[in-house]
Protein chains: 2
Amino acid sequence: MSKSIFYHAGCPVCVSAEQDIVNLVGAENVEVVHIGEDRSRIAEAEKAGVKSVPALVTPNGNTLHINFGASMEDVKG
Amino acid sequence: MSKSIFYHAGCPVCVSAEQDIVNLVGAENVEVVHIGEDRSRIAEAEKAGVKSVPALVTPNGNTLHINFGASMEDVKG
């Protein structure tokens, strides 16, 4: 199985969700990307349909928005 | 590992998220509950902190709201 990508921005909601997702899916199956720090990947996340973080993009390209930490506009602003 | 519980109400967003979660976590690790049909479990879901569906309650009791299908008020109404 190819990896999922978990996009977050370091907010408390993000960190909590990251721990849950890593526990559920397995650390080896998910790439964690901090788009607040690695801003070059914001465009990639938006292209994948990420509208808020934390969000998980599955191997088949679906985007699951998990709880709500921050909108992409907040991350970019 | 004890099971996660995926609560949904049969909406298209719910069905899509269910397929993703089952693929990611494994069908044997998640109980799927349709609270639109099994209304006796609405109270249990709310007690677990479910505010909208679809939502996943993890084995350690955290609630992950995934995308947005319907609020609990909509489900009850």
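Predicted model only: the values in this text are computed from it and were never measured.

J.: So what's going on with helix α1 (residues 12-25) of chain A? Which residues, and what values?
T.: Residue and element names in this part refer to chain A. Given a rise of 1.5 Å per residue, 14 residues ought to cover 20 Å, and the 20 Å separating the end C-alpha atoms of α1 matches this to within 8%. Turning to α1, its buried residues number three or more, namely Cys14, Ala17, Asp20, Ile21, Leu24 and Val25. Buried residues of α1 fall within an arc of 130° about the axis and therefore sit on the same side. Exposed residues pointing more than 90 degrees away from the buried face of α1 are listed as Pro12, Gln19 and Asn23. Downstream of α1 by a residue or two, Gly26 has a phi angle that is positive, lying close to 100°.

J.: Can you explain the nonpolar core? Please cite residues and give values.
T.: Within the largest apolar cluster, 18 residues are counted, with the highest numbers of intra-cluster contacts made by A:Leu56 and B:Leu56. Those elements that place two or more of their residues in this core are α1 and β4 (63-71) of chain A together with α1 (12-25) and β4 (63-71) of chain B.

J.: Give a detailed account of the side chain of A:Thr58, specifying residues and quantitative values.
T.: Mapping A:Thr58 onto the fold places it in the loop between β3 (52-57) and β4. According to the relative accessible area criterion, A:Thr58 is buried, its value standing at 5%. When residues no more than four places from it in sequence are discounted, the contact partners of A:Thr58 are A:Ser4, A:Leu64, B:Asp20 and B:Leu24.

J.: Give me the lowdown on the state of the cysteines, citing residues and values where you can.
T.: Residues and elements named next belong to chain A. A complete count under the given rule lists two disulfides over all chains for this structure. One disulfide bridge connects Cys11 with Cys14, the sulfur atoms lying 2.4 Å from each other. Of note, the bridge from Cys11 to Cys14 carries an S-S torsion of about 55° and is right-handed in sense. Per residue, the accessibility class of Cys11 equals that of Cys14, and both read buried.

J.: I'd like a rundown of the interface of chain A and chain B, residues and numbers included.
T.: Each partner contributes residues to the interface: chain A has 19 residues there, and chain B has 19 residues. Together chain A and chain B conceal approximately 1300 Å² of surface at their shared face, both sides included; 55% is due to carbon and sulfur atoms. Of all residues in chain A, the largest losses of buried area upon contact with chain B belong to A:Asp20, A:Leu24 and A:Leu64, amounting jointly to 43% of the total for that side. Joining chain A to chain B, the criterion identifies zero salt bridges. Remark: the boundary between chain A and chain B carries six residue pairs in polar contact (both at pLDDT 80 or more). Of all the secondary structure elements, the ones that give two or more residues to the side of chain A that touches chain B are α1 and β4 of chain A.

J.: So what's going on with the environment of A:Leu64? Residues and values would help.
T.: Mapped onto the elements, A:Leu64 comes out in strand β4. For the pair A:Leu64 and A:Ala48, spaced 16 residues apart in sequence, the C-alpha to C-alpha distance is 10 Å. Discounting chain neighbours no more than four positions away, the residues touching A:Leu64 are A:Pro54, A:Ala55, A:Leu56, A:Thr58, B:Ala17, B:Asp20, B:Ile21, B:Leu24, B:Ile66 and B:Asn67.

J.: Tell me about the pattern of salt bridges, residues and numbers included.
T.: All names here are of chain A. Going through the model one piece at a time under the given rule, you end up with eight salt bridges over all chains. In this structure, the salt-bridge partner of Lys76 is Glu73, at a minimum N-O distance of 3.4 Å. Here Glu73 and Lys76 lie together in helix α3 (residues 72-76), a separation of three residues that amounts to about one turn. A relative accessible area of 54% means that Glu73 is categorised as exposed. Taken together, the shared-partner salt bridges connect Glu31, Arg41 and Glu44 into one network.

What counts, and where the lines are drawn
Residues numbered from 1 in each chain as written. Chains lettered and ligands numbered in written order. Predicted model: local features only at pLDDT ≥ 70, side-chain atom pairs only at ≥ 80, totals over all residues. Heavy atoms only, no water. Helix = DSSP H or I, 4+ residues; strand = E, 2+ residues; numbered from the N terminus. Expected span 1.5 Å × (residues − 1). Buried < 20%, exposed > 50% of the residue type's maximum accessible area, 1.4 Å probe, protein only. Arc of directions from axis to C-beta. Core = buried A, V, L, I, M, F, W, Y, C linked by side-chain atoms within 4.5 Å. Contact = heavy atoms within 4.5 Å. Disulfide = S-S within 2.5 Å. Buried area = accessible area lost by both parts, 1.4 Å probe. Salt bridge = Lys/Arg side-chain N within 4 Å of Asp/Glu carboxyl O. Polar contact = N/O pair within 3.5 Å; in protein donor to acceptor, adjacent residues only side chain to side chain.

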